[in-house]
Amino acid sequence: MNHSQPGGGSSSLSEQAFYDSQKQPVKKRGMTFEALFYRQLHQVTARIHDTVQLEQIMLETSQEICKLLNADRLTLYAVADDGVSIVSKIKTGLNTSKELKLPISPQSLAGYAAYSRTILNLPDVYNEEALRKIHPSLNFLKEVDKRSGYRTKQMMVAPILDGNVLHGVLQVINSKSDEPFGELELDGVTELCKTLATAIRQRVATQENRPRRERTRYDSLVNAGLLTDIDLQQLAQEARDEGEPLEQLIIGRTGLLPSQVGAGLAQFFGVAYEPRSSSRIRSEALHGPLKREFLEEQGWVPLEESPVSNAVSI
C-alpha cells in the first residue's frame, strides 16, 4: 500500500477531510464520513502489519488509533507471563510509566473484557448502577483518576483475541466530542483488535522459529516491560562505542533506578541484591589478598568488616 507524504496527494486531503469531519456531532457526519473512517482504518491496520517487532506495534500505532477513534487516551494491555493477569504496556497521556497489573476477572473494566471475551462500550464509567448490570463485581478503578487528576468518562474496552487465544486488551478512553463512542468507533475497535491479534500471532511465531538468543543478565528488565529489546540493543552498542558500563547507560538514559537494575542482576545471578550504602567504607584489606578468579569461583565478595564481631559480611 502506498502511504502519501504529509502535505501531498489526494490521500492527505482525504485524511484532513476525515479529521475535519470528526469535529462534527455524530448525527451530522453521514455516509461521507463513514467512507473516510474506513479508509483511515485500513491505513492504520496496514501500519500495524508493517511493523516488525511487538514493541513497535504497541509504540508506533497507539497515537494513530487515538486519532482514528477521536479518543483522548489509550491503554494497551498484554497477557502477563502468569496467564491469569494483564499488564499495561502502552499508556498515552499519562504522566507515569508505572505498569498496571490487573487480574483477569470481573473486578476491573479491562480485567472483565479479558475474562468475558466481550467488548464494553460505556458512556460513563462512574455510573456504578450501569456497571453492576453488566456484572455484580464490575468496578472502575477510580484510584488512577485520583492520582493523576484526570476524569475518565467514556470508555471502550475490547479483548484482543486470535480465535480462543487471548493476547491482551485495548482500552480507549474519552471521546474528544464528549459523546458516547458510536457504532462506527465500536466497529473500528473490533477490526483493530482482530488486526492486532493476527499481527501478534505472526510475530510470536516468527520469534519462536528463530534461534534462541543467549540469556542475558538484563532479561528480567525486558520481561517486566521496564526495557525493550530494541532499547537494550541500542544501549549495548552505545556502551561498546563509548567504553561506558552498560548498567550506567541504562540508568542514565531510561530513568530506571539503580535498585531496579540491581534487582534484575540479582535475579540473573541468583543472589540477593545489596544496595549501595554511603556509610559503608570500602576496605582494601578485605579485597587485597583475594584474587578475582577465586571470588568468581566461590561466588561471593566481602563487603564490610563488622566492628562488633570482627566477622566478614558477604
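## Side note on the overall build of the protein
Here comes step 1: For the protein, the count of helices and strands is 13 helices and eight strands.
Here comes step 2: Across the 314 residues in the protein, those meeting the buried criterion constitute 38%.
Here comes step 3: In the protein, once contacts between residues fewer than 6 apart in sequence are set aside, the share between residues at least 24 apart is 52%.
Here comes step 4: Counting every atom, the protein has about 18,700 Å² of accessible surface; 51% of that belongs to carbon and sulfur.

## Some thoughts on the pairing of strand E6 (residues 165-175)
Here comes step 1: Summarising burial for E6: ten of the eleven residues are buried, a large majority.
Here comes step 2: Pairing between strand E1 (residues 71-79) and E6: seven bridges, direction antiparallel. Residue pairing in the sheet places Leu74 in a bridge with Val172 of E6.
Here comes step 3: Direction of pairing for strand E5 (residues 155-162) relative to E6: antiparallel, over a ladder of eight bridges. Across the sheet, the residue bridging to Pro159 is Val169, located in E6.

## Remarks on the packing of helix H10 (residues 246-254) against helix H11 (residues 258-269)
Here comes step 1: Where H10 meets H11, the axes come as close as 10 Å, and the angle between the chain directions of the two elements is 140 degrees. The orientation of H10 relative to H11 falls into the category oblique. Note on packing geometry: the crossing formed by H10 with H11 is right-handed. Contact residues: H10 offers Glu247, Ile250 and Ile251, while H11 offers Pro258, Val261 and Leu265.

## Points about unusual backbone geometry
Here comes step 1: You will see that Arg117, though not glycine, has its phi angle at about 60 degrees, which is positive.
Here comes step 2: Note that Arg117 resides in the loop between helix H4 (109-116) and strand E4 (120-122).
Here comes step 3: With a phi close to 60 degrees, Asp178 is a non-glycine residue in the positive phi region.
Here comes step 4: Examined against the element boundaries, Asp178 turns out to sit in the loop between E6 and helix H7 (183-209).
Here comes step 5: The exposure class assigned to Asp178 is partly exposed, which follows from its relative accessible area of 46%.

## Some points on helix H9 (residues 229-242)
Here comes step 1: Between its first and last C-alpha atoms H9 spans 20 Å; for 14 residues at 1.5 Å apiece the expected length is 20 Å, and the two agree.
Here comes step 2: Along H9, the residues that are buried comprise Leu232, Leu235, Ala236 and Ala239. Down the axis, H9 shows its buried residues gathered within 105 degrees of arc, on one side only. In H9, the exposed positions that point more than 90 degrees away from the buried face belong to Gln233 and Asp241.
Here comes step 3: Positioned one or two residues after H9, Gly243 has a phi angle of 65 degrees, which is positive.

## Re the environment of Gly255
Here comes step 1: Considering the arrangement of structural elements, one finds Gly255 in the loop between H10 and H11.
Here comes step 2: Overall, the relative accessible area of 57% leaves Gly255 in the exposed class.

## Focus on the nonpolar core
Across soluble globular proteins, nonpolar side chains have a tendency to be buried as a group.
Here comes step 1: Among the nonpolar cores identified, the biggest contains 29 residues, and Leu69 and Leu170 are the most heavily contacted of them.
Here comes step 2: Counting residues per element, the ones that place at least two in this core are helix H2 (30-50), helix H3 (54-68), E1, E5, E6 and H7.
Here comes step 3: Top contributing element to this core by residue count: H7, with nine residues.
Here comes step 4: Residues in contact with Leu170, not counting those within four places in the same chain, are Leu74, Thr75, Leu76, Met156, Val157, Ala158, Ile160, Val189, Cys193 and Leu196.
Here comes step 5: Core analysis: the next-biggest nonpolar cluster, separate from the first, contains 20 residues, Leu109, Ala114, Leu120 and Leu131 among them.

## Looking at the packing of aromatic side chains
Here comes step 1: Overall, the coordinates contain three aromatic pairs when judged by the stated rule.
Here comes step 2: Here the aromatic rings of Phe37 and Tyr38 are separated by 5.5 Å at their centres, their planes lie at 85 degrees, and the arrangement is edge-to-face.
Here comes step 3: Three or more aromatic residues joined by ring pairs make a cluster, and in this case those are Phe33, Phe37 and Tyr38.
Here comes step 4: Across from the ring centre of Tyr126, 4.0 Å away, lies the NZ or CZ of Arg151, which sits over that ring.

## Observations concerning the pattern of salt bridges
Any two side chains of opposite charge can pair, on the condition that their charged atoms come close.
Here comes step 1: Enumeration according to the criterion identifies eleven salt bridges in this entry.
Here comes step 2: Note that Glu64 and Arg47 form a salt bridge whose closest N and O atoms lie 2.3 Å from each other. Here the residue Glu64 occupies a position in helix H3, and Arg47 occupies one in helix H2, the gap between them amounting to 17 residues.
Here comes step 3: Here Arg47 falls in the partly exposed class, since its relative accessible area comes to 30%.
Here comes step 4: Arg217 is the partner of Glu247 in a salt bridge, and the nearest nitrogen-oxygen pair spans 3.8 Å. Here the residue Glu247 occupies a position in helix H10, and Arg217 occupies one in the loop between H7 and helix H8 (219-223), the gap between them amounting to 30 residues.
Here comes step 5: Judged by its relative accessible area of 23%, Glu247 is partly exposed.

Basis of the calculations
Residues numbered from 1 in each chain as written. Predicted model: local features only at pLDDT ≥ 70, side-chain atom pairs only at ≥ 80, totals over all residues. Heavy atoms only, no water. Helix = DSSP H or I, 4+ residues; strand = E, 2+ residues; numbered from the N terminus. Buried < 20%, exposed > 50% of the residue type's maximum accessible area, 1.4 Å probe, protein only. Contact = heavy atoms within 4.5 Å. Areas by Shrake-Rupley, 256 points an atom, 1.4 Å probe, with all protein chains shown as cover. Pairing = 2+ DSSP bridges. Axes fitted to C-alpha atoms, helices over the stretch in contact; angles between N-to-C directions. Parallel < 35°, antiparallel > 145°, perpendicular 65-115°, else oblique. Left-handed = near helix turned anticlockwise from the far one by under 90°. Expected span 1.5 Å × (residues − 1). Arc of directions from axis to C-beta. Core = buried A, V, L, I, M, F, W, Y, C linked by side-chain atoms within 4.5 Å. Phe/Tyr/Trp six-rings, centres within 6.5 Å; stacked < 30°, edge-to-face > 60°. Lys NZ or Arg CZ within 6 Å of the ring centre and 35° of its normal. Salt bridge = Lys/Arg side-chain N within 4 Å of Asp/Glu carboxyl O.

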